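# Inside the fold
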Amino acid sequence: MKKVLSLLVMVAALAVAYSCEPKEEPQDVTIQLTQNDVNYAKEGITVTVSGPATFEATTNAQGVATFSLPVGIYDASVAFRGIDANGVVTNCNGKTAITVVDKKADPNAVNDFKLPVIASQGSQLIIKEVYAGGCQKNDNSGTYANDKYIILYNNAGTEVDASKICIGHINPPNAHASNKYYDKDGKLTYTDWLPAGYGYWYFTTTVKIPAYSQIVISIMGAVNHTETYTNSVDLSNADYVMYDKESGFNMASYYPAPAFTDASRYMKAVKYGLGTGWVTSNFSPGFFLFRLDNPATYADDKANLDETMGATMPNAIIREAAIVDGAEIFNIPKLADSKTRFIPSVDAGYAKFTNGQGYSIYRNVDKEATEALAENAGKLVYNYAGGTVAVDAENGTTDPSGIDAEASIANGAHIIYLDTNNSSNDFHQRKVASIKK
Amino acid sequence: MKRFRILILSLAALLTGFGAAAQQTFTLSGTVVDKGDGAPVEFATVVLSSGQWAVCDAKGAFTIAKVAAGKTTVVVSCVGYVEDKREITVSKDIRNYRIQLAQDNLALEGAVVTAQESSSAATTSRTIDKTALEHVQLMNVSSISGLMPGGATANPSLTSEQQFNIRASGAEEGNASFGTAVEVDGVRLSNNAAFGQFSSTSQMKGVATNNIASTNVESVEVITGVPSVEYGDMTSGIVKINTRKGKTPWMVTLSTSPNTKQVSASKGFGLGEARSGASRGVINSSVEYTRSISEPMSPYTAYDRAQLSMTWSNLFNKGAFVATPLRFSVGVTGNVGGYNTKADPDQFKNTYTNVRDNVIRGNFSLNWLLSKPWITNVEMNGSISYSDKFSRENKNYSSAVGKVELHGSQEGYYIARSYEDDPTGTVLLIPRGYWYNEMVEDNRPLSWKLGIKANWARNFGKINNKLKIGADWTGDGNFGRGVYSSDFATAPTYRDWLYSDKPFMHNLALYAEDNVMIPVGREGRLNLITGIRQDRTMIRDSHYGTVSSLSPRFNVKYTVFSEKDHHRDFFRALAFRASWGLAVKLPSYSILYPTPSYYDRNVFDSPTDAAGNSYVAYKIMPRTMEYNADLKFQRNRQSEVGVEANLGGMKISLAGFYNLTLDAYVYQSEYRPHTYLYTQTSAVSGCLIPEGDRIYSIDRTTGVVTVSDRTGTYPAMELPYIVKNEFASRPFVTNAVQPMRRYGMEWVVDFPKIKSINTTIRIDGTWYNYKAFNANTTAFYQTNLPSADGTPFKYLGFFYGDDSYGNGRRTSNVNTNLTLTTHIPKVRMILSLKVETSLLKFSQAISERVDGTPRSYVISDRNDLLSFTNESLYEGEHYVVCFPDYYVSFADPTTLRPFLDDYRAAIEAGDNAKAKDLRGLAKLTSYTNTFLPDYITPYFSANISVTKEIGDLASVSFYANNFFNNLSQVRSSRTGNYESVSGYIPSFYYGLTVRLKF
């Protein structure tokens, strides 16, 4: 009996010993910034590594940031304003996935990574606001989201010609959905183009936006939604509306007849996917603007369609050179599953958004550039309280510049918005849609 | 028809002539007593193989007169006792024949909890008796499918509709469950009077078994082979449910399982005797209440079933009926209940779905034993079943702009009007805001049946012959109003269509069957059953008129030797059987009168005014053909062979079957060219009339939109329009050209009992194969894809079979079950462990033509649809394309043009617009593994059941399904993905039942 007992104790001890896993030690990781395959030697740039936890480190004089990270898979990213080879101030963004391995287990493993930095110019025509999440119905029966709109803005002091501009939405519509464009290693399979899903819209007339001015484009329903849904917006005076029933986008609930009959204010659509409504996302909208010479016939050419998502769901291939601006938005409850759909040169970050509450994603004011404009003296309104930090302490965002853009514009100021091609810095979640008075 | 009548009459005359010749007859009389205490068993039934019967009186005595000389089988049965079957030779009067019946409980050796083959039947037929039903704790009668060979257990559910599927699967083509007949005590439950269940997306389903009470079921017989001709209007087998009859003590059951609670009570009251000594009969009454919820976490959405049934049966054998006793029974069953989500607090306020499932069934049956030389007995039965399946659904709506709904059914152009302006609501404008609307379906089907059957049993020397002739008259109809809304002013799009408008469907069936038993050699027996049935379906004043169909059926069974003489040898019994038959399934109203569909084209939207209203105009076109004059009735051609053997105590039953479903009902669409006028919203921009004064109207025939001024200041303005050409669809019901093929094998092996552990082992299983592909020409049109030039799509393609890259499927399954039953009579307990395995589960999409030429092609480059390789479709990963055989264009809708030739020519000529349009008609697979064979790795599930009797008073049963809680994964060979096995086996579930008998 005693022998049995001691044997049992030994076996138990052994089991416990084996079940204890050796603790993994943090590894030394270096990240080298590069640009055009050449080391980008600049000191003081903050490199962020995010994964199960977020770490930050600053680069040394050689452009190398050093971290001490547990084993795992992370996203390393960097965003800053820099000076490119020609001495022009540009936005620099970089994002890459890194896998930190245990050097003890595999002495040949390397934990040194390169982070390519892409420099891109800010553009004159930008997306100022995306309102696509909908609001609560009056009787609390759910969300009403057929009142979407997008605002395009001329961010410079000269008039811009937006006649050839097209608006598309990225595919997959939801960033947290499974994405066929991700390969087994967790990388996007496209690097220099974006897929526009289901169709895109273009203008039928000459569109010229004056300096520091906007156009409001109603995505569904250029009508006054507030008569039924008081939390919604009144789009009956939108500048343009996406309304083209003959294209095949003819779903009655998405496209009621607009309140105005001027055909030049109707945008036309090119539809190449299935369905009677243009698919956009309520949770994680991903609109982008691009310029095409022949929007009506671009999708006829098979070379411009990509069928990775299926033969019945082709996506138009919008090449990097044609893209003007884009905004990646992730849904806050689904942040963990969200994967970026935009290439770093268009948007290297993401804005955080909660749908169904009437919030919109609104661009931050470029404090330096706006205050530098002489005509703005005394017209700028500060103490901006329109963000969502108060309602969402963890993920709510507000304009770090503190400038209340809409109030300032009402005061006659000219606002220059921040455009670093990184939505994490460029946008905040606004509590109330800007066109709602 | 005339020839048939002559045949029947001459057959009857011939046999009557035979019968006139004298035959020696004797009397058989005796008593039936309880084996345990010797008490007489009143109401025990004694039946001879000739069909002659007698019922025991209060002293247990019975007499059968005019028994023909020779061998006959005596079967004695009574509710609560085990059936006693023996063979005797009658050569003189037999008196004082004493039969002892054993009480049917677990103290008895030989209790079985599995389905037993009916050895006397010449086709595949299985009976599940009371012990097995109690052991399985029946809640929904469709659960007995798990007791069939290879059957898989499913957790009982009442909140979703359950049907029987015999030798088929619900996911197959050919309306498989619709062809399975269900009878309760001879009352046929019919789904023929159902409307709106057949559409392009759903097959016609069989009758739902949810409202059949499960606690007073005495036995269930499932005939999966070729049944007797007395059963008609079925193609895939029949399930016969027999409820308890006869004098029984009080039986109270209480049953519980995670989703369902049930309580029931029943008793058979003997009414004693009248002064004249005649019995007053027995009343069986039973009451049952069942409540089933779909989600234990939210026990509000529930299905309730409250049932009361009463049956009075009596035997008349005194006075005028002394020599010719008459058994009579009449019963009524009422069921009140249904599905209700009203109380569910998780649903939005005031929204609910409520479906009534109220039924009242009445039936009578009469069995008159005449024992005359020219007729043995006459049976008459009738039944009527009336259901109320009233369903209501209340939904919440809201809209930012006025919502337009359609209710018009006349052809023409119409513009939206508010309810006040147009109460008929042709195009109804509902003002913006929030509202509720309740949609209702008033569905009240009625079925009735009247039947008469005459049997004539006669021995010719050693040959026993039984002739059966009968006639059935059935009717189906529906009194419901159909679908409508409680509040028309806010009703969503629907059109009035009365079910009660449609004429009743009547069916007159005549059948004759001859059953001959010929002894062969010393101990062999040859049983031949030949039958023919003619159904005449009459639908008065309808386009269908009268349709006639003939169903011949043959069964042969050759018993080489049976156990009686060989129970010490190794080869104890051997029998072979073969069957062939035709069965016809009558269509339901859903098939004869498919719900009319309307082709609604939006032709104009006025700009939305300040009140939020856009006056939307539609062109309404009723586009349904209410009948297809060439519609044939769906038939099943069944053939079967079987072997039954007993080798050293091991009982083996093998059956192979081959079924062909011919002329299956299918739902198809055809297209016609259609032209309409389209007015753009921007066309209003030139109008001078101020927005608030505009009245929009549309000409009903020409479709031109006019804007007029309410104040009369400005002249009315006709808006400019565009002419659009397209193809409009119209559905119809037709028959499938290519039959569905099902074949396979069923086996059951019962090993002899291992006495040391009181355990019997049974292995049963099926090997089942299915192949079907669509060979009907299907039209295909791209409704929402404009042509390259912006006009509506101008081509209509015609595919061979489905308008898809594949046009069929073949499957193959091997399911085997191992049942270990341990029965300990001393403890009165039976424990069974059943392991259900799926050894092979194979499925593959196919694309074929009847003549074997290719239908789809493998391509190497998905951007070039003509890059054919010559690889086989079914091996390797690649994209597959299928083209229509022909196409027509709107400009020339009658000329069929070859698709592939024109597509090639358009590409070579560089005609990009035409090539892009024609490409819209081609079907390309989205994945490269679409046609790969899909093998699901084998999986298993184990169930355990225990029943224990506590004295004679109570019994407790407990079962657990999937008690190993198998949550492993299976892998699909086609996609390479792993998925949880919980989609194939029941989730862990248990149930407990307590039965009291006093």
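## Digging into the overall build of chain A
- Looking only at helices and strands, one finds 5 helices and 28 strands in chain A.
- Across its three principal axes, chain A shows a C-alpha extent of roughly 95 × 55 × 50 Å.
- Contacts in chain A between residues at least 24 apart in sequence constitute 72% of all its contacts with a sequence separation of at least 6.

## Thoughts on the overall build of chain B
- In terms of regular secondary structure, chain B is built from 6 helices and 60 strands.
- Relative to the 2.2 N^0.38 estimate, which gives 30 Å for 998 residues, the radius of gyration of chain B is 33 Å and therefore close to what a compact globule would have.
- Over its C-alpha atoms, taken along the principal directions, chain B stretches across nearly 110 × 70 × 60 Å.
- Expressed as a percentage of its 998 residues, the buried residues of chain B come to 41%.
- Considering only contacts within chain B whose residues lie at least 6 apart along the sequence, 69% involve residues at least 24 apart.

## Some points on the packing of helix α5 (residues 899-908) of chain B against helix α6 (residues 912-919) of chain B
Residue and element names in this part refer to chain B.
- The geometry of α5 relative to α6 is characterised by a closest axis approach of 8 Å and an angle of 145° between their N-to-C directions. Where α5 crosses over α6, the two elements pack in a sense that is left-handed. Only Lys914, Ala915 and Leu918 of α6 make contact with α5, whose side of the interface consists of Asp902, Tyr903, Ala906 and Ile907.
- Among the residues forming the contact of α5 with α6, the class breakdown is 5 nonpolar, no polar and 2 charged.

## Digging into α6 of chain B
Residues and elements named next belong to chain B.
- For α6, every residue scored as buried is listed here: Lys914, Ala915, Asp917 and Leu918. Along the axis of α6, the buried residues cluster in a sector spanning 165°; they form a single face.
- Buried residues belonging to α6 abut β47 (795-800) and α5.

## Focus: the sheet that holds strand β9 (residues 125-128) of chain B
All names here are of chain B.
- Across the sheet, 6 strands lie side by side as β8-β9-β12-β13-β10-β11; this open sheet has mixed pairing. In the strand order of this sheet, the two ends are held by β8 (116-117) and β11 (187-189), each with one partner.
- Inspection of the sheet shows β8 paired to β9 by 2 bridges, in the antiparallel sense. The residue of β9 that forms the bridge with glutamate 117 is arginine 126.

## Digging into the domain arrangement of chain A
Residues and elements named next belong to chain A.
- Considered domain by domain, chain A is made up of domain 1 (27-120) and domain 2 (125-430).
- Each of domain 1 and domain 2 has a C-alpha centre, and the two are 30 Å apart.
- Counting only elements with at least two residues in the side of domain 1 that touches domain 2, the list comes to β6 (72-83), β7 (89-100) and β9 (118-120).
- Top contributing element to the side of domain 1 that touches domain 2 by residue count: β7, with 5 residues.
- Among the residues forming the side of domain 1 that touches domain 2, the class breakdown is 3 nonpolar, 5 polar and 2 charged.

## Focus on the nonpolar core
- In terms of nonpolar packing, the biggest core is built from 89 residues, with Val130, Tyr149, Ile150, Leu152, Ile217, Met242 and Leu289 of chain A touching the most fellow members.
- Top contributing element to this core by residue count: strand β16 (residues 193-202) of chain A, with 6 residues.
- Not counting the four nearest positions on each side in its chain, methionine 242 of chain A is found in contact with Trp201, Ile217, Ser218, Ile219, Met267, Ala269 and Trp278 of chain A.
- Counting 55 residues, the second-largest nonpolar core is a separate cluster that includes Ala736, Tyr795, Leu873 and Phe899 of chain B.

## Describing unusual backbone geometry
- For the bond running from asparagine 171 of chain A to proline 172 of chain A, omega is 10°, close enough to zero to count as cis.
- Despite not being glycine, asparagine 350 of chain B shows a phi value in the positive range, around 70°.
- Relative to the elements of secondary structure, asparagine 350 of chain B occurs in the loop between β18 (326-340) and β19 (352-356).
- With 12 C-beta atoms counted inside 10 Å, the residue asparagine 350 of chain B sits in the exposed group.
- Positive phi, close to 50°, is recorded for asparagine 965 of chain B, a residue that is not glycine.
- Relative to the helices and strands, asparagine 965 of chain B resides in the loop between β57 (954-961) and β58 (969-971).

## Some remarks on the pairing of strand β27 (residues 433-442) of chain B
Residues and elements named next belong to chain B.
- The sheet contact formed by strand β22 (residues 391-399) and β27 spans 9 bridges and is antiparallel. Looking across to β27, one finds that serine 399 is bridged to glycine 433.
- The pairing of β27 with strand β30 (residues 482-485) spans 4 bridges and is classified as antiparallel. Of the residues in β30, the one forming a bridge with methionine 439 is serine 485.

## Let's talk about the environment of lysine 205 of chain B
Residue and element names in this part refer to chain B.
- The residue lysine 205 is located in the loop between β11 and β12 (217-223) in this model.
- For lysine 205, a count of 20 C-beta atoms within 10 Å corresponds to the buried category.
- A C-alpha to C-alpha distance of 9.9 Å links lysine 205 and glutamate 161, two positions 44 residues apart in sequence.
- Each residue touching lysine 205, except ones within four places of it in the same chain, is listed here: Gln163, Ser177, Phe178, Asn191 and Gln197.

## Quick look at the sheet that holds strand β23 (residues 403-406) of chain B
All names here are of chain B.
- Strands sit in the order β23-β26-β25 across an open sheet of 3 strands; the sheet is mixed. The open sheet has two edge strands, β23 and β25 (417-418), and neither has a second partner.
- As defined by bridge partners, β25 adjoins strand β26 (residues 427-430) across 2 bridges and the pair is classed as parallel. In the sheet register, serine 418 faces β26, and the bridge partner there is leucine 429.

## Some words on the environment of isoleucine 318 of chain A
All names here are of chain A.
- Among the structural elements, isoleucine 318 can be located in strand β23 (residues 315-319).
- For isoleucine 318, a count of 25 C-beta atoms within 10 Å puts it in the buried group.
- For the pair isoleucine 318 and serine 213, spaced 105 residues apart in sequence, the C-alpha to C-alpha distance is 26 Å.
- Not counting residues up to four positions away in its chain, the partners in contact with isoleucine 318 are Gly168, Trp193, Leu194, Ala196, Phe290 and Ile323.

## Here we look at the confidence of the model for chain B
- A residue-level look at chain B finds 97% of positions with pLDDT of 70 or above and a mean pLDDT of 88.
- Two numbers describe this predicted complex: its pTM, 0.81, and its ipTM, 0.78.

## Concerning the pairing of strand β38 (residues 650-662) of chain B
All names here are of chain B.
- Strand direction decides the pairing type here: strand β37 (residues 634-647) and β38, joined by 13 bridges, are antiparallel. Note on β38: the bridge partner recorded for leucine 647 is methionine 650.
- Between the antiparallel neighbours β37 and β38 lie 2 residues, among them glycine 648 with a positive phi of about 60°.
- Both β38 and strand β44 (residues 740-750) contribute to a ladder of 11 bridges, which runs antiparallel. Bridge pairing in β44 places isoleucine 652 opposite valine 749.

## A closer look at the environment of serine 141 of chain A
- Locating serine 141 of chain A in the fold gives a position in the loop between β11 (135-136) and β12 (143-144).
- Sequence spacing of serine 141 of chain A and tyrosine 153 of chain A is 12 residues, and the spatial spacing of their C-alpha atoms is 35 Å.
- Those residues in contact with serine 141 of chain A, other than ones at most four positions away along the chain, are Phe348 and Asn396 of chain B.

Calculation rules
- Residues numbered from 1 in each chain as written.
- Chains lettered and ligands numbered in written order.
- Predicted model: local features only at pLDDT ≥ 70, side-chain atom pairs only at ≥ 80, totals over all residues.
- Helix = DSSP H or I, 4+ residues; strand = E, 2+ residues; numbered from the N terminus.
- Contact = placed C-beta atoms within 7 Å.
- Rg over C-alpha atoms; globule rule 2.2 N^0.38 Å.
- Buried ≥ 20, exposed ≤ 12 C-beta atoms within 10 Å, placed from the backbone.
- Axes fitted to C-alpha atoms, helices over the stretch in contact; angles between N-to-C directions.
- Left-handed = near helix turned anticlockwise from the far one by under 90°.
- Nonpolar A, V, L, I, M, F, W, Y, C, P; charged D, E, K, R; others polar.
- Arc of directions from axis to C-beta.
- Pairing = 2+ DSSP bridges.
- Domains from an automatic or database assignment.
- Core = buried A, V, L, I, M, F, W, Y, C linked by C-beta atoms within 7 Å.
- pLDDT = per-residue confidence, 0-100.

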